[in-house]
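These are the residues of each chain, in order.
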Amino acid sequence: MPSYFSRQAYFNDTVMLTLTHGHANTWTPDVIHAFQQQLSELQHQISEPDAPWRVLIITGAGERYFSAGADLDQLAQQNQSERQASHAAFAELLQQLLQFPLPTIAAINGYALGWGLDWALACDVCVAETPARLGYPEVTHGLTPYFASALLARRVSPIWQQRLMISGQTISSQMAQHIGLIEEKVESGCAKIAALSLAQEWRQGAPHLQRQLKQQSLNTMPAFHLLFNAWPESPQEAEQGLQ
């Protein structure tokens, strides 16, 4: 299987995973599986007594895209059952990232759309560069942003939650910070630097206490397995939208 993620270590205890799939860093079943493998390997390592890792950072390769979301070309070739399987796999990925024991930071270096934005919002903190655009364009393709409601509810008001989901439009990083979708806005090319700076601050805390506090905050999150059973759009709408 190709390598869809590069891994870099900083300060000997901060790990950065960079998505490197195509020009827009999109998601396919293989990419989902690859990220889950990366998280599983890291989780195994941090379970050891002398675990080196303290903070996880995720980002996208290149300067234009953090992640443009699901690979729509591949999605268009899937039947309804295969699409549901892909959604279920991505739901598991988000759950795994949300429950990851270490503090997590999304360094949003460009467009974060659909599943790409979900991937970022599953982190504890989001840092976005000025040129970045964020949003859920699924509705314009006859698709449903399944995971948006749960993830947006952690960060924005119900009005903005509805607006982002039903409009299909993207917003600037400045607006995203204003409404609470992201925690920090930085200049172009500085998302990774800002994330590493934040990681250095978090390294001062007690690891076991940080993990305990993170788990406590997740107890208020909706149960993901209850959110993704429905298939609201009709097969005809999905097929037409993806053409």
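**Q** Would you mind going over the state of the cysteines with me for this structure?
**A** Linking two cysteines covalently through their sulfur atoms gives a disulfide. Scanning all chains against the criterion turns up 0 disulfides. Here Cys 123 stays free of any disulfide, with the sulfur of Cys 126 as its closest cysteine sulfur at 6.0 Å.

**Q** So what exactly am I meant to see when it comes to the packing of aromatic side chains here?
**A** Each aromatic ring pair is characterised by the separation of its centres together with the angle its planes make. Applying the stated criterion to the full structure yields 13 aromatic pairs. Centre to centre, the rings of Tyr 65 and Tyr 111 are 5.7 Å apart; their planes meet at 40°, and the pair counts as tilted. Taken as a pair, Tyr 65 in strand 5 (residues 65-67) and Tyr 111 in strand 8 (residues 111-113) lie far apart in primary sequence, 46 residues in all. Residue class for Tyr 65 comes out buried when judged on its relative accessible area of 16%. When the centroid spacing of 4.3 Å and the interplanar angle of 10° are considered together, the rings of Phe 90 and Trp 115 count as stacked. A residue pair is termed long-range when its members are at least 10 positions apart, and Phe 90 in helix 3 (residues 80-98) and Trp 115 in helix 4 (residues 115-121) qualify at 25 residues. By way of ring pairs, the aromatic residues Phe 5, Trp 27, Phe 35, Phe 66, Phe 90, Trp 115, Trp 119, Tyr 146 and Phe 147 are connected into one cluster.

Scoring rules and cut-offs
Residues numbered from 1 in each chain as written. Predicted model: local features only at pLDDT ≥ 70, side-chain atom pairs only at ≥ 80, totals over all residues. Heavy atoms only, no water. Disulfide = S-S within 2.5 Å. Phe/Tyr/Trp six-rings, centres within 6.5 Å; stacked < 30°, edge-to-face > 60°. Helix = DSSP H or I, 4+ residues; strand = E, 2+ residues; numbered from the N terminus. Buried < 20%, exposed > 50% of the residue type's maximum accessible area, 1.4 Å probe, protein only.

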